[in-house]
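As a plain string of letters, each chain reads:
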Amino acid sequence: MSEHESFDGSLAGEVRAATGLNVSACYQCGKCTAGCPMAEEMSLKPHQMLRLAQVDSRERLFEDDSIWLCLTCETCTARCPNGVDPARIIDCLRELALRAKASPPRRIAAFHRSFLEQIRENGRVFEFGLVANYKMRTGDLFADVTAAPGMLVRGKLALLPKGIEGIGEVRRIFATCAQAARKEGR
Amino acid sequence: MKLGYFPGCSLHATAREFDRSLKAIAGPLGFELEELEDWSCCGATSAHQTNHLLAVLLAARNLALAESQGIRQVMAPCAACFSRLATARHEIAHDEALGTRVNEVLRGEFANSVEVQSILALLRPMTSKIQESAKAGLRGLKVACYYGCLLLRPPEVAQFDDVEAPSSMEQIVEAAGARPVKWGKRLDCCGAGLSISRTASVVRLGRAILEDARAAGAEALVVACPMCHTNLDLRQKAMLQRGEAQLPVLFLTQAVGLGLGLEPGELGLARHIISTKALIARVSSGGESAAQAS
Amino acid sequence: MPRIGVFVCHCGENIGRTVDCARVARELGELPGVAHAVDYKYMCSDPGQRLVKQAIAEKGLDGVVVAACSPRMHERTFRRACSASGLNPYLCEMANIREHCSWIHEDRQAATAKAIDLTRAIVEKVKRNRPLEPIRIPVEKRALVIGGGIAGIQAALDIAEGGGEVVLVEKEPSIGGHMSQLSETFPTLDCSQCILTPRMVEVYQHPRIKLLAFSEVEAVGGYIGNFEVKIRRKARCVDETKCNGCGECQSVCPNKKVPSEFDQELGRRTAIYVPFPQAVPNIPVLDRESCALFKGRAKGFKEDACGKCKQACGREAIDFEQQDSFVTEKVGAIVVATGFQLYSIGKDQPTPQLKGYGEYGYGEIPDVIDGLQFERLASASGPTGGVIKRPSDGKEPKTIVFLQCIGSRDAAKGIEYCSKICCMYVAKHTMLYRHKVHDGRAYVFYMDIRAAGKGYDEFTRRAIEKEGAIYLRGRVSKLERAGDVIKVYGADTLSGEPVTIDADMVVLATAVRPQPGIESLAQKLSISYDAHGFINEAHPKLRPVETSTAGVFVAGACQAPRDIPDSVAMASAAATKVLGLFSNKELEREPTVATVNESLCTGCFHCERVCPYGAVERRELKDGEGNLNKVAAHVNKGVCQGCGTCQATCPSKSVELQGFTDEQIWAAINAL
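## Details of the overall build of chain C
If you tally the helices and strands in chain C, you get 19 helices and 34 strands. Each of the three principal axes of chain C carries a C-alpha extent, and together these read 95 × 75 × 40 Å. For chain C, the proportion of its 672 residues judged to be buried stands at 53%. For chain C, the share of sequence-separated contacts (at least 6 apart) that also reach a separation of at least 24 residues comes to 70%. About 29500 Å² of surface is accessible on chain C, with carbon and sulfur atoms providing 49% of the total. Side-chain charges of chain C comprise 85 positive and 83 negative groups, with the mean position of each set lying 0 Å from the other.

Okay, here's the thing in structure tokens:
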């Protein structure tokens, strides 16, 4: 593979530059889709995501919710006959989609934001804070309310966050990554 | 044997019983855990699905901490934490530029020398010890060992057991006196990553797993991941249809602890949403005849 | 003073564009010892060759240098021209000023200077050339054919029909190979055994074919025209000269439960057995590992535990004490036709590169079978009499799923090549299935349909359009046993949907691999093979049935996955090559071989160790009274390929390669 491909502006080139993986190695056998637990809920199946990446169709990929449904269970990667690593490529597509300012499904975006905010704030994730933050973002106040009391009684939900000493380092990590993403997103 | 211990967020909260049962079996099995000081979240799903560098760095911070604390091997009982730490280690080892970047941000001399171990890798070599110590054991309790996604996959990262036909968890519970059943969905994903944001998907996936385990004759599900546990225990009632029997979900460490004859209280068995009372009665005295009757 | 002629060729524009050929001729003409130098537009043309011939005659040349293209292209042309004018052809050499100069340079000045240098070097070499005579070796007009499948059978019959003698070696008890196991053949659906067994009988009855079944090649010596092959005749425990194939021994054998290799373990055989009724030769073999008598002896029983077959044999043909024996055959040519085996999806694999399919249960799910097993189920002579029954419970499968590319085109499992025959035989299987189970459904998971052959695409279209096979384009992620069925988790990439099928039986089209042991056979024959063990042909386009060793030919699926028509065509081609070889009284070989100056040789035998062809022998030198003086190296001219490794290695400088002596090479180098 020529080094120039990474810089040819194609989606396959961007994936290659970010992951070292070769989207062209996918021969569309569909074994990823065949074993994907979420395939039936995806409008674009895993092999179709790879196909669209091959033909540089980023709008269709980024406008669709499907890439956000991947659970990264790695079944596709473990069974891919040609070493393509679809799970890693889909992760990369999600990151590129975010940089292209494409928006993930609202609730999934809210979850990821809440989760990462917890880490940035406390260094660790506290489910109570996580769920509260998530509910604020989604306005989905009644989801899972039935589960919470049971969890509280059983000591499953910690109410108060406990900080870590190295929080400065964690925040520096976040700052570095945010800066890198802005730079690469252009 | 002293081992670095990375509990991760779950074992300090929703899955406290995983932590407790792990510590409970450590004495009888002769290992000692040294919790990593000042550890931070591995980044989990949200980091790697949105920002690869963030995912690597959040995990690497913990590996670097371990290194600076003189720990050579870190055991992460949570399958997701294990996967994130092991993936970061693997990627840094295979990508020199990434390694340099990590060192720049962490401002240290990080050599990526810490090995990452799963709970399966910790317990499998102890099967003979478990067998010796488990007197009455689990009395032939029929269990479905559920590996889920990240304990073994991808094989290049996990580097443990046969990724498509594993046997380590079965060996461990067998040593504790259980009878592992043969079933099909033990490697399928339960969908925990979408547990909060897309609950309907998770209910569909979890239901298929529970159905398959029950059809194979399992009396309990054994898991080694707090996400799987939360999903299959907390959400089980939503997964079942009216009148369907509940299936207790045990952490592997709880199953081993029960087999070793530890008190259910020590193992945190009362903390589950799906009651474990009948199961505890089944494996304490008189359980054998109950097994035959079933 | 030598009288060398230099002939500089323009090769049209090929050389002339970048090299000033006239100047090359001019400058070479001034070299001492060069008696004649000219340039010409096309030296290889008739008028060009005439220039060479005339100059030899008129100027009394004693050496010729043609500065033109590669010697691989035209050395023979110009050596023939010299020979025609009475000059020893080995006094003619070429300086390559095309591939080594004009084609790779742009600067005319520099290229011309380089052409002059290259030509001058060869002139200095030719000054030291000596006349050589080609080596003549006699040809043994017998061929060894290794492997008695359809390729070996065809090669043996063609050679024998052409007048050659044949020794056919087959490692199994019977010839026939995999073709004898097939039920019907594509694309005509004619019965495999019906077309094959008459050919097997022909082999057996042919006066010029000697059949050595249940035998293996042990060692190979010699060279083209003169091979000496040691063959192991494995002990059958049956005297072939006495047995008349009556079958009495089989009918009395008490162990009737041995899995039959011929039926791919779907059927049973006795311990003493003929693999199938049409076997050739129709002589049983006693499988010692399954025989009660031998098992008893292995346990140290004092008395033999059985002996029923021996008692039943009216011709006293059974001999429990028979041992492996060896025969040596002299042959002039060898045809390798050892065929293929199928990849198995099991966890244990023969090499670390190969991996099994854990996602398909590592071969431990009953009713997941392979293509050859399906052939036996569909065959009228098979274990079910041609009724499709699944192995686990004998139930007729109403839903059957065929998976293509199992192992093949799967780099993760270690096999990236296409096995070529599967698309066709799977289409055939769906038809055979539908002809036998009218209300059954056949699904095929495939990646691409590769049906390039006469009548092939029509055949696969027929399976789909007329015979109801449902083709789904995709691989299967997992096979899962679920109660009475096998859950097939696949995808149809054409509709874009995941597909789950509850199958009664699954048939895997597993990859074609060369036979086990092919590497060690190839090493005995000094022929090369690829990373998968397939025998390499000498040239992928122009020499498809020759190998890297002269006189050794290749046919059939041991070279690459092949179907029957391909194997037969290759076998006939190899036979033609053998017969062409046999049409010579003796063979002429280039005399560029190594010779040993025995008086200088110190007998260190470094040359023997480095020779890749095993051409170095040890020769005892004796004085007039027969006392041993010393042991010196000797090069067998028939085997030597002229690589020169011995010459480079020899510490006493007693080995020289004819035509490439140290003196010649140094002279050429010093001229630069």
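## Topic: the sheet that holds strand β6 (residues 179-180) of chain B
Remark on secondary structure: sheet strands pair via backbone hydrogen bonds, oriented parallel or antiparallel. All names here are of chain B. Strand order in this open sheet of 4 strands is β6-β5-β7-β8, and the pairing throughout is parallel. The open sheet is flanked by β6 and β8 (249-251), the only strands paired with a single partner. In terms of strand pairing, strand β5 (residues 142-146) meets strand β7 (residues 220-223) through 4 bridges, oriented parallel. Bridge pairing in β7 links Tyr146 to Val223. Helix α12 (residues 226-234) contacts β5, β7 and β8 of the sheet and is inclined by roughly 160° relative to β8. This element, helix α14 (residues 252-259), spans β7 and β8 of the sheet and lies at about 85° to β8.

## Focus on the interface of chain C and chain B
The partner chain B presents 7 residues to the 7 residues of chain C that form the contact. Both faces combined, the contact of chain C with chain B buries some 520 Å², and carbon together with sulfur accounts for 37% of it. Three residues, Tyr362(C), Lys478(C) and Glu480(C), lead the burial of chain C against chain B; their summed loss comes to 57% of the area buried on that side. Our enumeration of links across chain C and chain B arrives at 3 salt bridges. Note that Glu480(C) is salt-bridged to Lys185(B), the shortest N-O span being 3.3 Å.

## A short note on the environment of Leu479(C)
Residues and elements named next belong to chain C. Considering the arrangement of structural elements, one finds Leu479 in strand β24 (residues 476-482). We classify Leu479 as buried; its relative accessible area is 4%. Among residues more than four places away in sequence, those in contact with Leu479 are Glu359, Tyr360, Ile365, Val368, Leu403, Ile486, Lys487, Val488, Val506 and Leu508.

## Some details on the interface of chain B and chain A
Tallying the contact residues gives 55 residues for chain B and 54 residues for chain A. Both sides together, the interface formed by chain B and chain A hides about 5000 Å², and carbon and sulfur atoms give 57% of it. Counting the contacts that link chain B with chain A gives 6 salt bridges. There are 23 residue pairs in polar contact (both at pLDDT 80 or more) connecting chain B and chain A. Looking at the side of chain B that touches chain A, the elements that each hand over two or more residues are α1 (8-11), α2 (16-29), α3 (44-50), α4 (52-68), α6 (96-106), α11 (199-215) and α12 of chain B. The element contributing the most residues to the side of chain B that touches chain A is α3(B), with 7 residues. Residues belonging to the side of chain B that touches chain A are distributed by class as follows: 24 nonpolar, 18 polar and 13 charged.

## Examining the state of the cysteines
All names here are of chain C. Enumeration according to the criterion identifies 1 disulfide over all chains in this entry. Residue Cys191 pairs covalently with Cys194 via a disulfide, S to S 2.3 Å. Across the S-S bond of Cys191 and Cys194 the torsion is about 85°, and the bridge reads as right-handed. Summary of cysteine pairing: Cys607 is not part of a disulfide, and the nearest cysteine sulfur, belonging to Cys604, is at 6.2 Å. For Cys607, a relative accessible area of 9% puts it in the buried group.

## Here's the deal with the pairing of strand β3 (residues 63-68) of chain C
All names here are of chain C. By the criterion of burial, β3 is predominantly enclosed, with 6 of the 6 residues buried. Here β3 shows a buried face lined by Gly63, Val65 and Ala67 and a second buried face lined by Val64, Val66 and Ala68. When strand β1 (residues 4-9) meets β3, the two strands line up parallel, connected through 5 bridges. Bridge assignment links Phe7 to a residue of β3, and that residue is Val66. Pairing between β3 and strand β4 (residues 92-96): 5 bridges, direction parallel. When the bridges of β4 are listed, Val65 appears paired with Glu93. Crossover handedness for the path β3 to helix α4 (residues 71-84) to β4: right-handed.

## Re a nonpolar patch on the surface
All names here are of chain C. A surface patch of nonpolar side chains, about 390 Å² in accessible area, is lined by Phe660, Ile665, Trp666 and Ile669. Among the structural elements, Ile669 can be located in helix α19 (residues 662-670). Among the residues examined, Ile669 registers a relative accessible area of 42% and is labelled partly exposed.

## Side note on the domain arrangement of chain C
For chain C, the assigned domains are domain 1 (4-127), domain 2 (142-234 + 324-339 + 515-582), domain 3 (248-312), domain 4 (340-513) and domain 5 (594-670). Spacing between the C-alpha centres of domain 2 of chain C and domain 5 of chain C amounts to 35 Å.

## Some points on the packing of helix α7 (residues 150-161) of chain C against helix α16 (residues 564-582) of chain C
Residues and elements named next belong to chain C. For the pair α7 and α16, interaxial distance at closest approach is 8 Å and the crossing angle is 35°. Remark: the crossing between α7 and α16 carries right-handed chirality. When α7 is examined against α16, the residues Ile150, Ala151, Gln154, Ala155, Asp158 and Ile159 are found in contact with a partner set consisting of Ile564, Ser567, Val568, Ala571, Ser572, Ala575, Val578, Leu579 and Phe582. Split by residue class, the contact of α7 with α16 holds 11 nonpolar, 3 polar and 1 charged.

## Considerations on the sheet that holds strand β6 (residues 142-146) of chain C
All names here are of chain C. Read across the sheet, 5 strands follow the order β10-β7-β6-β18-β29 without closing on themselves; strand pairing throughout is parallel. Of all strands in the sheet, those bounded by a partner on one side alone are β10 (209-212) and β29 (552-554). For this sheet, the mean inter-axis angle between neighbouring strands, taken without regard to orientation, is 20°. In this structure, strand β7 (residues 165-169) lies alongside β10, joined through 4 bridges in parallel fashion. Residue Val167 lies in a different strand from β10, and its bridge partner there is Lys210.

## With respect to the pairing of β7(B)
Residues and elements named next belong to chain B. Residues Ala220 and Val222 line one face of β7 and the alternating positions Leu221 and Val223 line the opposite face, and both faces are buried. One ladder, built from 3 bridges, connects β7 with β8; its direction is parallel. Bridge pairing links Val223 to Phe251 in β8.

## With respect to the packing of aromatic side chains
For the structure on display, the rule yields 13 aromatic pairs over all chains. With a centroid separation of 4.3 Å and an interplanar angle of 10°, the aromatic rings of Phe262(C) and Phe276(C) are classed as stacked. Of this pair, Phe262(C) sits in the loop between β13 (258-259) and β14 (268-269) while Phe276(C) sits in the loop between β15 (272-273) and β16 (285-286), and the two are 14 residues apart along the sequence. No difference in accessibility class separates Phe262(C) from Phe276(C), as the two residues are buried. Judged by centre distance (5.4 Å) and plane angle (75°), the rings of Tyr417(C) and Phe534(C) are edge-to-face. Here Tyr417(C), found in the loop between β21 (399-406) and α13 (422-436), pairs with Phe534(C), found in the loop between α15 (518-525) and β29; they are 117 residues apart in sequence, far enough to count as distant. Judged by its relative accessible area of 15%, Tyr417(C) is buried. Taken together, the aromatic side chains of Phe111(A), Phe115(A) and Tyr134(A) make up a single cluster linked through ring pairs. Over the ring of Trp39(B) we find Arg124(A); its NZ or CZ atom is 3.5 Å from the centre of that ring.

Analysis parameters
Each chain carries its own residue numbering, running from 1 in the written order of its sequence. Chains carry letters from A onward and ligands carry numbers from 1 onward, assigned in written order. In keeping with the model being predicted, local features are shown solely for residues with a pLDDT of at least 70 and side-chain atom pairs are shown and tallied solely at 80 or more, while totals for entire chains, interfaces and linings include all residues. Side-chain descriptors were evaluated using all non-hydrogen atoms of the structure, hydrogens and water having been removed beforehand. A run of DSSP states H or I qualifies as a helix once it reaches four residues; a run of E qualifies as a strand once it reaches two. Both are numbered from the N-terminal end. Each residue gets one of three labels from its accessible area relative to the maximum for its type: buried under 20%, exposed over 50%, partly exposed in between, using a 1.4 Å probe on protein chains only. Every residue pair with non-hydrogen atoms within 4.5 Å of one another is taken to be in contact. Surface accessibility follows the Shrake-Rupley procedure with a 1.4 Å probe radius. Residue values consider only the protein chains on display as shielding. Just so you know, the count uses Lys and Arg for positive and Asp and Glu for negative, and it drops His and the chain ends. Just so you know, the charge point we use is NZ for Lys, CZ for Arg, CG for Asp and CD for Glu. Only when DSSP finds a minimum of two bridges between them are two strands counted as paired. A fitted line through C-alpha atoms serves as each axis, taken over the contacting stretch for helices, and the angle formed by two N-to-C directions is quoted from 0 to 180°. When two parts are put together, the accessible area they lose, computed with a 1.4 Å probe and summed over both, is reported as buried area. Within this document, salt bridges are pairs made up of a side-chain nitrogen of Lys or Arg and a carboxyl oxygen of Asp or Glu, the two lying within 4 Å of each other. Counted as a polar contact is a pair of N or O atoms within 3.5 Å, where, for protein atoms, one must be capable of donating a hydrogen and the other of accepting one, and residues adjacent in sequence contribute only when both atoms are in side chains. When residues are grouped by polarity, Ala, Val, Leu, Ile, Met, Phe, Trp, Tyr, Cys and Pro land in nonpolar, Asp, Glu, Lys and Arg in charged, and all others, Gly among them, in polar. Our working definition of a disulfide is a cysteine sulfur pair at a distance within 2.5 Å. With strands facing away from the observer, any crossover in which the path from the first strand over the helix to the second runs clockwise is taken as right-handed. Nonpolar side chains (Val, Leu, Ile, Met, Phe, Trp, Tyr) are joined into patches within 5 Å and like charges within 9 Å, using only residues with over 30% relative accessible area and no salt bridge. Each domain's limits were defined by an automated method or a database of domain assignments. Two helices cross in a left-handed way if the nearer one is turned anticlockwise from the farther one by less than a right angle. They cross in a right-handed way if the turn is clockwise. Any Phe, Tyr or Trp ring, taking Trp's six-membered ring, that has another such ring centre within 6.5 Å forms a pair; planes under 30 degrees apart are called stacked, those over 60 apart edge-to-face, and the others tilted. The criterion is that NZ of a Lys, or CZ of an Arg, lies within 6 Å of the ring centre and within 35 degrees of the ring normal, and then a charge sits over that ring.

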